[in-house]
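# Observations on the three-dimensional arrangement
The residues making up each chain are set out below.
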Amino acid sequence: MTKKAFIFDLDGVIVDTAKYHFLAWKKLANSIGVDFTHTQNEQLKGVSRIKSLEKILAWGNKSISEAEFTRLMSLKNEDYLTYIDTMDEQEMLPDVTKTLDFLREAGQHIALGSASKNARMILEKVNILSKFDVIVDGNDVTKAKPDPEVFLKSAEQLQVAPKDCIVFEDAVAGIQAANAAGMVSIGIGDKETLHEADFVFAGFQDMDTDFLNKLINK
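Residues numbered from 1 in each chain as written. Predicted model: local features only at pLDDT ≥ 70, side-chain atom pairs only at ≥ 80, totals over all residues. Heavy atoms only, no water.

## What to know about the environment of L123
Residue placement: L123 occurs in helix 6 (residues 119-125). Since its relative accessible area comes to 0%, L123 is described here as buried. The spacing of L123 and L112 is 11 residues in sequence and 9.8 Å in space, taken between C-alpha atoms. Look past the residues within four positions of L123 in its chain and what remains in contact with it is L10, L112, I128, L129, F132 and I135. (Helix = DSSP H or I, 4+ residues; strand = E, 2+ residues; numbered from the N terminus. Buried < 20%, exposed > 50% of the residue type's maximum accessible area, 1.4 Å probe, protein only. Contact = heavy atoms within 4.5 Å.)

As structure tokens, this is what we get:
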């Protein structure tokens, strides 16, 4: 049996930080005269901070200086950090810990592959940092999803071939990145939205151990 690598996205897969991103992006957008909706926020899932701000500026047909762009990115992150500073284990999505523990007990590799530059801080806040063998986040990559860089780097650090990697993602861009990397893609969320994934579950509570064992033994 070939040892597999299970790679988890962070936002929307392990913890629900989308609500905090929404509040921080909305505050920023409104401050420069741009409206910002939940629908638009969905389009920022799995997207880097730079690309997200570029999208918001495009939606509002706004042009700003490079210095102002940098300032706004920092401001958004500061607002976001004030929200995640209050996080604890109760912020974990259902059965994430159960799934991580099952995979560890089965002797599988576990990695985090996230666009977030605050990934380690969040994992510490919810007390699961030690459950990951490898963490590749926004500080380690230069290309945003749907580019597969974050997942390929995770596989490389774990010394596992891409075909033996399984990715858990809640965003279309993340599913596309996993597919581009030649990995098994598992969508966490809405089936219609994540239809490009190999498998889709509403959450880990709907994923039984038989399914995980099949992935391990495939």
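## Regarding the UniProt feature "binding site: Mg(2+)" (unreviewed entry) in the chain
Cross-referencing UniProt, the feature "binding site: Mg(2+)" (unreviewed entry) maps to D9, D11, E169 and D170 in the present numbering. Annotated residues spanning 162 residues; largest pairwise C-alpha distance 8.8 Å, indicating a single compact cluster. Looking at the secondary structure, you find D9 in the loop between strand 1 (5-8) and helix 1 (18-31). In this view, D9 contacts I14, L112, G113, S114, K145, F168, E169 and D170; residues no more than four positions away in its chain are not counted. Within polar-contact distance, the side chain of D9 engages the side chain of K145 at 3.1 Å. Take D11: it is sitting in the loop between strand 1 and helix 1. (UniProt positions renumbered as here; feature names shortened; annotations may be inferred. Polar contact = N/O pair within 3.5 Å; in protein donor to acceptor, adjacent residues only side chain to side chain.)

## So, the sheet that holds strand 4 (residues 165-169)
The 6 strands lie next to each other as 3-2-1-4-5-6, forming an open sheet whose pairing is parallel. Two strands in the sheet have a free side with no partner beyond their single neighbour: strand 3 (134-136) and strand 6 (199-201). Direction aside, the axes of adjacent strands within the sheet are offset by 20° on average. When strand 1 meets strand 2 (residues 109-113), the two strands line up parallel, connected through 4 bridges. Residue pairing for strand 2: A5 is matched across the bridge by H109. Packed on one face of the sheet, helix 8 (residues 172-180) meets strand 4 and strand 5 (184-188) and runs near 170° to strand 5. (Pairing = 2+ DSSP bridges. Axes fitted to C-alpha atoms, helices over the stretch in contact; angles between N-to-C directions.)

## Comments concerning the nonpolar core
Grouped together as the largest cluster of nonpolar side chains are 36 residues, with contacts concentrated most on F8, I14, F132, F168, I186 and M207. Sort the elements by how many residues they give to this core and helix 9 (residues 209-217) lands first, with 4 residues. Core analysis: the next-biggest nonpolar cluster, separate from the first, contains 17 residues, L158, V160, V167 and M183 among them. (Core = buried A, V, L, I, M, F, W, Y, C linked by side-chain atoms within 4.5 Å.)

## Examining the packing of aromatic side chains
For any two aromatic rings, the description comes down to two numbers: the centre-to-centre distance and the angle of the planes. Taken as a whole and judged by the stated rule, the model has 10 aromatic pairs. A centroid spacing of 6.4 Å and a plane angle of 35° characterise the contact between F36 and W59, whose relative ring orientation is tilted. Note that F36 is positioned in the loop between helix 1 and helix 2 (38-42) and W59 in helix 3 (residues 49-59), a separation of 23 residues in sequence. Looking at F36, the relative accessible area reads 2%, which means it is buried. Looking at W59, the relative accessible area reads 32%, which means it is partly exposed. Ring centres 5.1 Å apart and planes at 75° place the aromatic pair F199 and F211 in the edge-to-face group. Highlighted residues: F199 in strand 6 and F211 in helix 9, separated in sequence by 12 residues. Cluster of aromatic residues (ring-pair linked, three or more members): F6, F8, F132, F168 and F204. Taking the ring centre of Y80 as reference, the NZ or CZ of K76 above it sits at 4.7 Å. (Phe/Tyr/Trp six-rings, centres within 6.5 Å; stacked < 30°, edge-to-face > 60°. Lys NZ or Arg CZ within 6 Å of the ring centre and 35° of its normal.)

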